[in-house]
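# What the coordinates show
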Amino acid sequence: MRPVGPPRRSLPHPGQLRRERRALLRAREGRLRDLGGLMLEMFRRDQFRQDLLVERCDELLALDERLQELDTLLAASVSARRPAPSARCECGAPIVWGTHFCANCGRPVAATPPVVSCVKCGSALAADAKFCAVCGQSVSAEQAAELVEALPAAPAQERWEP
């Protein structure tokens, strides 16, 4: 059973994120110039208003936070669109999913690492993972060992020697 929570939203297109980032960088640059000019005018007139400076600095900090969010979203969006690297045999030939032997050299394809389910949310989890990628639940070494032991034993494969 999946935990009830807010629905997942898909990541925006990287182009949209880049446009927003460029616009924020231009706005930030303009506000930095304005802040410098404001400080210079306050110095010239000998009328220092700290509240006005703090307000402008808060605006700049908010822009910086949004830029960091956009950088994170952009990195996630680009990596989500990148295809996973294909599996390769020891000889370097690509291995087609579902095959049991390499088409180039005939070696048996290594078994995939065991996959278990998260104790908290039930999502698929590599047996050697330390945390669940979906809910963040910590998986202790003892729990992982118990889960792997509960898996059915894989048939022994003989190693092919050329």
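Please read all numbers here as calculations on a predicted model, not as lab measurements.

On to the environment of Leu74, then. Position of Leu74 relative to the elements: it lies in helix 2 (residues 50-81). Sequence-wise, Leu74 and Leu17 are 57 residues apart; in three dimensions their C-alpha atoms are separated by 6.3 Å. Look past the residues within four positions of Leu74 in its chain and what remains in contact with it is Pro14, Leu17 and Arg18.

In the predicted model, the protein chain carries a mean pLDDT of 77, and 67% of its residues have values of at least 70. When mean pLDDT is taken per element in the protein chain, helix 1 (residues 14-45) scores highest with 93 and helix 3 (residues 141-150) scores lowest with 56. For residues 151-157, every residue scores under 50 in pLDDT, and the model assigns this stretch 5 contacts once sequence neighbours within four places are set aside.

The tally for this structure, following the rule as stated, stands at 8 salt bridges. Across the pair Asp71 and Arg21 runs a salt bridge, and its minimum N-O distance is 2.5 Å. Of this pair, Asp71 sits in helix 2 while Arg21 sits in helix 1; the two residues are 50 residues apart in sequence, bridging distant segments of the chain. Where Arg49 meets Asp51, a salt bridge forms, and the shortest distance between an N and an O atom there is 3.3 Å. Classification of Arg49 as partly exposed rests on a relative accessible area of 44%. Residue classification places Asp51 among the partly exposed residues on the basis of a relative accessible area of 49%. Among the ionic contacts, a cluster of salt bridges with common partners joins Glu20, Arg66 and Glu69.

Procedures and definitions
- Residues numbered from 1 in each chain as written.
- Predicted model: local features only at pLDDT ≥ 70, side-chain atom pairs only at ≥ 80, totals over all residues.
- Heavy atoms only, no water.
- Helix = DSSP H or I, 4+ residues; strand = E, 2+ residues; numbered from the N terminus.
- Contact = heavy atoms within 4.5 Å.
- pLDDT = per-residue confidence, 0-100.
- Salt bridge = Lys/Arg side-chain N within 4 Å of Asp/Glu carboxyl O.
- Buried < 20%, exposed > 50% of the residue type's maximum accessible area, 1.4 Å probe, protein only.

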